[in-house]
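These are the residues of each chain, in order.
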Amino acid sequence: MDQLVISGKAYTSRLLVGTGKYKNFAETRAAIEASGAQIVTVAIRRTNIGQNPNEPNLLEVISPNRYTILPNTAGCYSAEDAIRTLRLARELLDGHDLVKLEVLGDPHTLFPNVVETLSAAEKLVKEGFKVMVYTSDDPIIARQLEEIGCIAVMPLASLIGSGMGILNPYNLQIIIENARVPVLVDAGVGTASDAAIAMELGCDGVLMNTAIAAAQNPVLMASAMKKAIEAGREAYLAGRMAKKLYSAAPSSPTTGMIAAGGKNQAA
Amino acid sequence: MIALSINGKPHRFDNGINVAQVLEKLELKGKRLALERNGEIVPRSRFKQEMLYDGDKLEIVIAVGGG
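If you're wondering where the values come from, they're calculated on a predicted model, not measured in any experiment.

Caption draft 1: Just the packing of aromatic side chains, in detail. According to the stated counting rule, one finds zero aromatic pairs over all chains in the structure shown. Here A:Lys100 stacks its cationic end above the ring of A:Tyr134, 5.7 Å away from the centre of that ring.

Structure (structure tokens):
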């Protein structure tokens, strides 16, 4: 059976989804259900104090008993903040050590800061975290993150929340060819075909949030993404035909054709 | 009285208060959360022993939607 293995655990779904930007928890739940995702990202934020003490908690909607929760460091701009956030996440999730590291470099574009990312990854690995790391599509940085001990490398397809799709399939291909850990595209997917292309390139999975949550119908888009990931994976495993500018070999037989000309032309 | 900073906002409590008591006063008792005191994690199992002092800074976090 074709499975994605992350930190020793096998998953049948290669689609990882975020929980941000949904209208409400009901929509979050329905979209995640439709996506078939088994690994779900969450952010770590200050709790409200003194307002809505009975407000439902995300982890009651997305139960850690059912899903592998992947806490992230979204919004962190330094290695120090990212590390503090993930220590809190580990405490929050009862010692759970699988995390998504992302250190951003610029609030305007949300480009990753790879220098801080490398520094944070090194410390987190030493502290025993299983680090899935968001990074640029630079193959050398991807390799260094793997050498540090990250358990998955997650290059962007394009910038977070941009929906621009896969801008540099060649870099992704180089990263995939050289990696010995799972490579997942994280960020930039806009619609189902983008996800399928990522999988056809040989990615082990795709992580997305906005492409589903910001669709006009998030639940339907979640279902589309599930199929696109499966279709792309199967196409990759099947091995596509070679591209050529034209073909002298039509799909239908070239023999057994009826006689040239009709009855009007018959002698 | 002691002054604490909790999630960046000032709060005042009686002397000799511990983390568990502060969480109860903030109506956060029993919630799934994690807590940092002056930059260091306080494990849930230590909430009752962990005494708080004037000027302590607490960060109390939960999981929220995110990608």
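Caption draft 2: Looking closely at the pairing of strand β10 (residues 205-208) of chain A. Residues and elements named next belong to chain A. The alternating pattern of β10 places Gly205 and Leu207 and Val206 and Met208 on opposite faces, both of which are buried. As judged from the three bridges shared by strand β3 (residues 15-17) and β10, these two strands associate in the parallel manner. Residue Leu16 lies in a different strand from β10, and its bridge partner there is Leu207. The pairing of strand β9 (residues 184-186) with β10 spans three bridges and is classified as parallel.

Caption draft 3: Main features of the interface of chain A and chain B. Between chain A and chain B, the contact holds 29 residues from the first and 27 residues from the second. Where chain A abuts chain B, roughly 2500 Å² becomes buried across the two surfaces, and 55% of that area is made up of carbon and sulfur atoms. Taken together, chain A and chain B are joined by four salt bridges. Inspection of the region where chain A meets chain B yields 17 residue pairs in polar contact (both at pLDDT 80 or more). Contributing elements (two or more residues each) for the side of chain A that touches chain B: β4 (39-46), α2 (58-61) and α3 (79-92) of chain A. Partitioned by chemical class, the residues of the side of chain A that touches chain B number 11 nonpolar, 10 polar and eight charged.

Caption draft 4: A look at the sheet that holds strand β8 (residues 152-155) of chain A. Residue and element names in this part refer to chain A. The strand order across the open sheet built from three strands is β6-β7-β8, with neighbouring strands paired in parallel fashion. Two strands bound the open sheet, and with one partner strand each, they are β6 (98-101) and β8. Direction aside, the axes of adjacent strands within the sheet are offset by 20° on average. Of the pairings in the sheet, the one linking β6 to strand β7 (residues 130-135) comprises four bridges and is parallel in character. Looking at β7, one finds that Lys100 is bridged to Met132.

Criteria and thresholds
Residues numbered from 1 in each chain as written. Chains lettered and ligands numbered in written order. Predicted model: local features only at pLDDT ≥ 70, side-chain atom pairs only at ≥ 80, totals over all residues. Heavy atoms only, no water. Phe/Tyr/Trp six-rings, centres within 6.5 Å; stacked < 30°, edge-to-face > 60°. Lys NZ or Arg CZ within 6 Å of the ring centre and 35° of its normal. Buried < 20%, exposed > 50% of the residue type's maximum accessible area, 1.4 Å probe, protein only. Helix = DSSP H or I, 4+ residues; strand = E, 2+ residues; numbered from the N terminus. Pairing = 2+ DSSP bridges. Contact = heavy atoms within 4.5 Å. Buried area = accessible area lost by both parts, 1.4 Å probe. Salt bridge = Lys/Arg side-chain N within 4 Å of Asp/Glu carboxyl O. Polar contact = N/O pair within 3.5 Å; in protein donor to acceptor, adjacent residues only side chain to side chain. Nonpolar A, V, L, I, M, F, W, Y, C, P; charged D, E, K, R; others polar. Axes fitted to C-alpha atoms, helices over the stretch in contact; angles between N-to-C directions.

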